[in-house]
Amino acid sequence: MPEMVSNSVDLSTKEEKVVGPWKEAWRSFRKSKAALVGTAIVVFFILLAVFGPLIAPEGINEQKLQDSSLRLAPPSSEYWFGTDDFGRDIFSRVVYGARISLAVGFLSVIVSAIVGSFLGIISGYYGRWIDTIISRVFDIMLAFPSILLAIAIVSILGPSLQNALIAIAIINIPNFGRLIRSKVLSVKEEEYIVAAKAIGMKDSRILWKHILPNSLSPVIVQGTLAIATAIIEAAALSFLGLGAEAPQPEWGKMLSDARIHLMTAPWTMIFPGLAIMLTVLGFNLMGDGLRDALDPKMKN
């Protein structure tokens, strides 16, 4: 009897130690200092965007052309990041610019993830001619450099921030599509999928209840890294005059407007550039941490 009691205690202890895959991934993520630093940076900029009106001391378009001493003023206690050639407070514009850059990053990636995942699942699950057509379309899109394809799309639609968002969403669709297609090709051969087909379960239910949940991990990782890429692409389009238009305080547009003042007033370029660099760095570090946590092959 004592042996039976001790065995049952050991079994219950082992059962308590069993954790789900998402909880295990969270534990692994917390062990990565770089991932935590990246998450802290991302959270900081999100809070900056949400509470921008409370943080920014002045309006983003408040000009002081009547006072020449406030034009291109260097950083000071009154203007932390200095002013631009219109006398506008650069700190306020950088704070508000976080809203635009993060909105473009998140919205474009959400759209591309949804469309790309849908096409990837259909392509990988059904195969045959559907797979051939979708895969060839992805190959054609990936044959072009992403920024050149984005420039072509915006040139057709017309320069604007909304069209830049659409272009960024379109060029990222193949990345999500091919990623989830490869995952579906392996998942659909699992025994539980074969069993579900054998008992007559509908394809729509198999895709929604079984294949999609088991294919989300790489999409989450790719989505995090894609946000960083989308922010850079949005800044590049605005820098070229194909994205945000004046007087919108988009970071890429701020860099473009400050080019002529690089030697005389370098702070007009330094701070928007730092904002882009830190935001992209934060998402990349967080994405690397998620990849290591969610992909068992990346673990030591």
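That block above? That's the structure.
Report follows, based on the coordinates. No experiment lies behind these values; they were computed from the predicted model shown.

Focus on the overall build of the protein chain
Assigned secondary structure in the protein chain consists of 13 helices and zero strands. Reading the protein chain from its N terminus to its C terminus gives the helix and strand order α-α-α-α-α-α-α-α-α-α-α-α-α. Burial analysis of the protein chain (300 residues in total) assigns 43% to the buried set. Carbon together with sulfur atoms contributes 66% to the accessible area of the protein chain, which is approximately 16,400 Å² in total.

What to know about unusual backbone geometry
Notably, Leu72 is not glycine yet its phi reads approximately 55°, a positive angle. Here Leu72 is to be found in the loop between α4 (52–55) and α5 (90–126).

Some points on the packing of α5 against helix α6 (residues 128–142)
At a minimum axis distance of 7 Å, the contact between α5 and α6 shows a crossing angle of 140°. When the axes of α5 and α6 are compared, the pair comes out oblique. Both α5 and α6 take part in a crossing whose hand is left-handed. Across from Leu119, Ile122, Ser123 and Tyr126 in α5, the residues of α6 making contact are Arg128, Ile130, Asp131, Ile134, Ser135 and Phe138. Of the residues in the contact of α5 with α6, the class split is six nonpolar, two polar and two charged.

Thoughts on the side chain of Ser112
Tracing the backbone through its elements, the reader meets Ser112 in helix α5. We classify Ser112 as buried; its relative accessible area is 0%. Among the polar contacts made by the side chain of Ser112, one reaches the main-chain carbonyl oxygen of Val109 at a distance of 3.0 Å. Ignoring any residue separated from it by four or fewer positions in sequence, one finds Ser112 in contact with Ser117, Ala169, Asn172, Ile173 and Phe176.

Some words on a positive patch on the surface
Taken together, the side chains of Lys23, Arg27, Arg30 and Lys31 present a region of like positive charge at the surface. Inspection of the secondary structure assignment puts Lys23 in helix α2 (residues 21–30).

Remarks on the nonpolar core
Core analysis: the largest hydrophobic core is formed by 68 residues, its most contacted members being Phe45, Val94, Ile211, Leu237, Trp251 and Phe283. Of all the elements, α5 adds the most residues to this core, at 12 residues. Every residue in contact with Val94, bar those within four places of it in the chain, is listed here: Phe81, Trp251, Met254, Phe271, Pro272 and Ala275.

As for the pattern of salt bridges
Scanning all chains against the criterion turns up six salt bridges. As a salt-bridge pair, Arg88 and Asp84 come within 2.8 Å of each other at their nearest N and O atoms. Each member of the pair Arg88 and Asp84 is classed as buried. A salt bridge links Arg136 to Asp139, with the shortest nitrogen-to-oxygen separation between them at 2.8 Å.

So, helix α3 (residues 33–50)
With 18 residues, α3 ought to run about 26 Å at 1.5 Å a step, and its terminal C-alpha atoms sit 26 Å apart, in line with that. All of the buried residues along α3 are Ala35, Gly38, Ile41, Val42, Phe45, Leu48 and Ala49. Burial along α3 is one-sided: seen end-on, the buried residues are contained in an arc of 150°. Opposite the buried face of α3, by more than 90 degrees, sit the exposed residues Lys33 and Val50.

Section: the packing of aromatic side chains
All chains considered together, the criterion is met by seven aromatic pairs. With centroids separated by 5.1 Å and ring planes inclined at 80°, the aromatic side chains of Phe81 and Phe91 adopt a geometry described as edge-to-face. With Phe81 in the loop between α4 and α5 and Phe91 in helix α5, the pair connects residues that are 10 residues apart, well separated along the chain. Looking at Phe91, the relative accessible area reads 11%, which means it is buried. Ring plane angle 70° and centroid distance 5.9 Å describe the contact between Phe106 and Phe283, whose orientation is recorded as edge-to-face. With Phe106 in helix α5 and Phe283 in helix α13 (residues 267–294), the pair connects residues that are 177 residues apart, well separated along the chain. The exposure class of Phe106 is partly exposed, given its relative accessible area of 31%. In this structure an aromatic cluster arises from ring pairing among Trp80, Phe81, Phe91 and Phe271. In this structure, Arg259 is placed above the aromatic ring of Phe239, and the distance from its NZ or CZ to the ring centre is 5.0 Å.

Cut-offs and rules
Residues numbered from 1 in each chain as written. Predicted model: local features only at pLDDT ≥ 70, side-chain atom pairs only at ≥ 80, totals over all residues. Heavy atoms only, no water. Helix = DSSP H or I, 4+ residues; strand = E, 2+ residues; numbered from the N terminus. Buried < 20%, exposed > 50% of the residue type's maximum accessible area, 1.4 Å probe, protein only. Areas by Shrake-Rupley, 256 points an atom, 1.4 Å probe, with all protein chains shown as cover. Axes fitted to C-alpha atoms, helices over the stretch in contact; angles between N-to-C directions. Parallel < 35°, antiparallel > 145°, perpendicular 65-115°, else oblique. Left-handed = near helix turned anticlockwise from the far one by under 90°. Contact = heavy atoms within 4.5 Å. Nonpolar A, V, L, I, M, F, W, Y, C, P; charged D, E, K, R; others polar. Polar contact = N/O pair within 3.5 Å; in protein donor to acceptor, adjacent residues only side chain to side chain. Patch = residues over 30% accessible without salt bridge, like charges linked within 9 Å, V, L, I, M, F, W, Y side chains within 5 Å. Salt bridge = Lys/Arg side-chain N within 4 Å of Asp/Glu carboxyl O. Lys, Arg positive; Asp, Glu negative; His and termini not counted. Charge placed at Lys NZ, Arg CZ, Asp CG, Glu CD. Core = buried A, V, L, I, M, F, W, Y, C linked by side-chain atoms within 4.5 Å. Expected span 1.5 Å × (residues − 1). Arc of directions from axis to C-beta. Phe/Tyr/Trp six-rings, centres within 6.5 Å; stacked < 30°, edge-to-face > 60°. Lys NZ or Arg CZ within 6 Å of the ring centre and 35° of its normal.

No statement about biological role is implied by the geometric values presented.
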